[in-house]
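# Examination of the molecular architecture
Okay, here's what each chain looks like letter by letter:
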Amino acid sequence: MLTQIKDLAEKLAPRLIEIRRHIHAHPELSGQEYQTAAYVAGVLSSCGLHVEEAVGKTGVVGELTGKGQDSRRLAIRTDMDALPINEQTNLEFASRKPGVMHACGHDVHTTLGLGTAMILSQLEGGLPGNMRFIFQPAEEIAQGASWMVQDGAMRDVSHIFGVHVFPSIPARSLGIRYGALTAAADDLEIFITGESGHGARPHQAIDAIWIASQVITTLQQALSRTQNPLHPIVLTIGQISGGRAPNIIADQVRMAGTVRSLHPKTHADLPAWIENIVAQVCQTYGAKYTMNYRHGVPSVQNDPTLNQLLEAAAKEAWGGDRVQILEESSLGAEDFSLYLQHAPGTMFRLGVGDRDRPYYPLHHPLFEVDEAAIVTGVVTLAYASWLYWQGQ
Ligand code: NI
């Protein structure tokens, strides 16, 4: 079966590169993936899949019905949106839309979903079970997965695979992470209200700017002294504003930030922990506060059983030296975690780096991928899916 899958992938490779370049040249922002979705639906239909459009606003779902008796349903999720970045590569298929670029490799992900569907729909004798291909919109704004789930994309799904390109792993290799792959990412907003006054008479005022600085300092110090250092947390205040003039004590400060964590219990406990510190600092100096805390996406916790299957598939297909077991999680976020609230699954990192050219990170205007990764990705996904049906 591996030979058949590899042969199909090699045969399809020029077509898959054409698809990827088409999507790359026509990027669409989160929630506006109309052309991409229509294109995806067209390719899926031509492979004989049952296609549903406008799932989760601009998402697409393709169903491949198996010929066997296995009642389980395996899903593969890819994402379709691009970023508000002005592409600076000189590729002949560079973005034709100024200010919009596939700089996170979602063009490759979409191609991997399509390529895997093409291969699995052409297998001799068909598949033993049912597959669902989920093409989600709006991953970059961490909304698309929840839209898809709300529209039933995870109904009857037993397990799910996800994939993200990774420029620091060379093309033709991939990375598998046991445990947490990405972090939970929450939004934090704090308003501090003091009392205005003359800059020369601080004792007659309540200085919201100074109190805000105490809040930030106390939060950062308390993180290092009261939280388990083996459960990482990053708290970044990325925005702060307040004050009207150099000689007027500010009565209002707004701060906003992002809070990243890996451990589910830490994630659950963080809002109360942060609020307690904010409240105590404000109370000490007589300020008032309001805090808005929004739980964003949870951490991606990969399923060990599905990981073992993926590792076995990848090692058989490519050899052990092309399969890295990743030692570290990332504190980036990925809304794939929302699917994992409905079924166990795993997301792996597909190498797209090229040792011969300068390497640019994800979300960079010069980001490029080595397209050899596409065959690696589709063969790995298709063969791991095949092995899934061989197990019980
Ligand atoms: Ni991405």
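Each remark here, short or long, concerns the structure printed above.
Summary of the structure given here. (Residues numbered from 1 in each chain as written. Predicted model: local features only at pLDDT ≥ 70, side-chain atom pairs only at ≥ 80, totals over all residues. Heavy atoms only, no water.)

### A word on the side chain of Asp79
For Asp79, the position within the fold is in strand S3 (residues 73-79). At 3.4 Å, the side chain of Asp79 and the side chain of His106 are in polar contact. With near-sequence residues (within four places) excluded, Asp79 lies in contact with His106, His109, Thr110, Gln136, Glu139 and Glu334. (Helix = DSSP H or I, 4+ residues; strand = E, 2+ residues; numbered from the N terminus. Polar contact = N/O pair within 3.5 Å; in protein donor to acceptor, adjacent residues only side chain to side chain. Contact = heavy atoms within 4.5 Å.)

### Remarks on helix H8 (residues 372-390)
For H8, built from 19 residues, the straight-helix expectation of 27 Å at 1.5 Å per residue is met to within 8% by its first-to-last C-alpha distance of 28 Å. Within H8, 16 of the 19 residues are buried, which leaves it mostly tucked inside the rest of the structure. (Expected span 1.5 Å × (residues − 1). Buried < 20%, exposed > 50% of the residue type's maximum accessible area, 1.4 Å probe, protein only.)

### Examining the nonpolar core
In this structure, Ile119, Met131 and Phe133 are the most contacted members of the largest nonpolar core, which totals 68 residues. Top element by residues in this core is H8. It accounts for 12 residues. Beyond its immediate chain neighbours, meaning those up to four positions away, Ile119 contacts Ile5, Leu8, Ala9, Leu12, Val378 and Ala382. Grouped together as the second largest cluster of nonpolar side chains are 26 residues, Ile206, Leu223, Ile233 and Val281 included. (Core = buried A, V, L, I, M, F, W, Y, C linked by side-chain atoms within 4.5 Å.)

### Points about the coordination of the nickel ion
Within the protein, the nickel ion binds to Cys104 (SG), His106 (NE2) and His164 (NE2); these donor distances fall in the range 2.1 to 2.3 Å. One chain supplies every donor to the nickel ion, and in sequence these donors are spaced C-x1-H-x57-H. Of the two residues, His106 sits in helix H3 (residues 106-121) while His164 sits in strand S5 (residues 159-170), which places them 58 residues apart along the sequence. Owing to a relative accessible area of 1%, His106 belongs among the buried residues under this scheme. (Donors = N, O, S within 2.8 Å, 3.2 Å for Na, K, Ca; no water.)

### Here we look at the packing of helix H5 (residues 208-226) against helix H6 (residues 264-285)
Helix-helix packing is described using two parameters, namely the angle between the two axes and the distance between the axes. Direction vectors running N to C along H5 and H6 enclose 135°, while the axes themselves pass 10 Å from each other. The angle between H5 and H6 falls in the class oblique. Handedness of the crossing formed by H5 with H6: right-handed. Facing Trp210, Ile211, Gln214, Val215, Thr218, Leu219, Ala222, Leu223 and Thr226 of H5, the residues of H6 in contact are Trp273, Ile274, Ile277, Val278, Val281, Cys282 and Tyr285. Each residue belonging to the contact of H5 with H6 can be placed in one class, and the counts come to 13 nonpolar, 3 polar and no charged. (Axes fitted to C-alpha atoms, helices over the stretch in contact; angles between N-to-C directions. Parallel < 35°, antiparallel > 145°, perpendicular 65-115°, else oblique. Left-handed = near helix turned anticlockwise from the far one by under 90°. Nonpolar A, V, L, I, M, F, W, Y, C, P; charged D, E, K, R; others polar.)

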